[in-house]
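Architecture at a glance
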Amino acid sequence: MANYIERLKDKVKIKKFESNQPIGAWIFVVVLNMVGFAGYYYLKVNHIQLGS
């Protein structure tokens, strides 16, 4: 049981970013997600339904 808990902690642990990763790509992904959530809430507030 202790071994299972240790493996679970290793999987859940937040890893540090590597210094050679492109920060611009991460900024793009975060901004794109924020735009997506903002669009979702805009549609919800204005009672607009897409699809059937």
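Reference entry: report on the structure contained in this document.

What counts, and where the lines are drawn
- Per chain, residues are indexed from 1 in the order of the written sequence.
- The predicted nature of this model means local features are confined to residues of pLDDT at least 70 and side-chain atom pairs, given and counted, to a pLDDT of 80 or more, with totals for whole chains, interfaces and linings taken over all residues.
- Values reported for side chains reflect all heavy atoms of the structure, with hydrogen atoms and water molecules removed beforehand.
- Working definition: helices are DSSP H or I runs of at least four residues, strands are E runs of at least two. Numbering for both runs from the N terminus.
- Both definitions apply: the radius of gyration is a C-alpha atom measure, and the globule rule equals 2.2 Å times residues to the power 0.38.
- For the exposure calls, accessible area comes from a 1.4 Å probe over protein chains only, and a residue counts as buried if that area is under 20% of its type's maximum, exposed if over 50%, partly exposed in between.
- The method behind every accessible area is Shrake-Rupley, applied with a 1.4 Å probe, and residues are considered shielded solely by the protein chains displayed.
- Stacked, tilted and edge-to-face are the three classes assigned to paired rings of Phe, Tyr and Trp, where Trp is represented by its six-membered ring and a pair needs centres within 6.5 Å; plane angles under 30 degrees give stacked, over 60 edge-to-face, the rest tilted.

**Some details on the overall build of the chain**
When its secondary structure is counted, the chain shows two helices and zero strands. Taken over C-alpha atoms, the radius of gyration comes to 19 Å for the chain, far larger than the 10 Å a tight globule of 52 residues would show. Expressed as a percentage of the 52 residues in the chain, the buried residues total 0%. Accessible area for the chain stands at about 5,600 Å²; split by element, carbon and sulfur atoms hold 67% of it.

**Some remarks on the packing of aromatic side chains**
Counted according to the given criterion, the structure contains one aromatic pair. Ring centres of Y40 and Y41 lie 5.3 Å apart, and the angle between their planes is 70 degrees; this geometry places the pair in the edge-to-face category. Assessed through its relative accessible area of 44%, Y40 is described here as partly exposed.

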